[in-house]
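# Examining the three-dimensional arrangement
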Amino acid sequence: MSSGGALAGSSRNQRRLFRRRPYSIWNYIGRLLWKITWYTIWKVVSRRGPIRACLLKCFGARVSWMTGAFADTWIEMPWNLTAGSHCLLGPRVHLYNLGKVQIGSHSVLSQDVYVCGGTHDYTSAEMPLIKTQNIIGNNVWVAAGAFIGPGVTIGDGAVVGARAVVVKDVEPWTVVGGNPARLIKKREMR
Ligand SMILES: CC(C)(COP(=O)(O)OP(=O)(O)OC[C@H]1O[C@@H](n2cnc3c(N)ncnc32)[C@H](O)[C@@H]1OP(=O)(O)O)[C@@H](O)C(=O)NCCC(=O)NCCS
């Protein structure tokens, strides 16, 4: 084959690889139905009361009836979410939970927090999607605008400061902040 033909063939192969979908057809249908629900029922029901928790349960989330979320909290795939009681997902929180995200009881994610449950293998030309898991323990506070990176675990009782970029696991009962997030102090309770 001429080099032009080989090039055309390889770019055809690459296009085929990029077209390969990382999810099943059921996943796309589930996401479409969830989006329709989110833009309609989710938006109008009260934050207080169990209706949002009920909607999440209908889409396969393992959440407590006492899990709270705002009208503009976005959960990419409810079926990948586990959340404990009295846990609150604040305004504009974005759970990009391509993999599982587990949030413990009495934990709060303040406004504009982004939990990133996926990345790409940039060492491969096809940039395959990697789905990762995030665990956020009990009694955690993730303050406004923090970014929780792929695969990161936040230990029980930890505090993540506003606008922190967390790319490594956070020890229990510590306060971290900055970009990249580093230990600020131990969290001491009165
Ligand atoms: C992380 C936080 C809780 C720490 O509060 P604190 O215990 O009172 O800490 P201090 O103000 O005593 O600061 C201690 C050190 O951490 C640094 N620091 C505090 N917050 C930081 C942050 N978000 N990112 C990076 N460094 C931070 C301070 O500069 C200080 O550094 P220094 O010792 O070198 O001077 C607080 O700063 C914070 O981010 N609060 C969140 C606010 C918020 O999101 N509000 C919305 C509520 S819904």
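Residues numbered from 1 in each chain as written. Predicted model: local features only at pLDDT ≥ 70, side-chain atom pairs only at ≥ 80, totals over all residues. Heavy atoms only, no water.

## What about the environment of I103?
Among the secondary structure elements, I103 is positioned in strand 7 (residues 101-103). By relative accessible area, I103 is classed as buried at 2%. Expressed as a C-alpha distance, the spacing of I103 and C87, which sit 16 residues apart in the sequence, is 7.6 Å. The contact partners of I103, leaving out residues within four places of it in the chain, are L81, T82, A83, G84, C87, L89, L95, L109 and I136. (Helix = DSSP H or I, 4+ residues; strand = E, 2+ residues; numbered from the N terminus. Buried < 20%, exposed > 50% of the residue type's maximum accessible area, 1.4 Å probe, protein only. Contact = heavy atoms within 4.5 Å.)

## Re helix 3 (residues 51-58)
Those residues of helix 3 that sit buried are R52, A53, L55 and L56. Along the long axis of helix 3, the arc covered by the buried residues comes to 160°, so they all point the same way. In this structure, the buried side of helix 3 is in contact with helix 2 (25-44), strand 1 (62-63), strand 2 (68-69) and strand 3 (74-75). (Arc of directions from axis to C-beta.)

## As for the site of the ligand
Lining the immediate surroundings of the ligand are S110, Q111, W141, A143, A144, G161, A162, V175, G177, G178, I184 and K185. A distance of 2.9 Å separates an oxygen atom of the ligand from a polar backbone atom of A162. Note that an oxygen atom of the ligand is positioned 2.7 Å from one of the side-chain N or O atoms of K185. Protein contacts shield 40% of the accessible area of the ligand, which totals 900 Å² for the unbound molecule. Elements with a contribution of two residues or more to the shell around the ligand: strand 18 (174-177) and strand 19 (182-186). Looking at side-chain class alone, the shell around the ligand contains six nonpolar, five polar and one charged residues. (Near = heavy atom within 4 Å. Polar contact = N/O pair within 3.5 Å; in protein donor to acceptor, adjacent residues only side chain to side chain. Areas by Shrake-Rupley, 256 points an atom, 1.4 Å probe, with all protein chains shown as cover. Nonpolar A, V, L, I, M, F, W, Y, C, P; charged D, E, K, R; others polar.)

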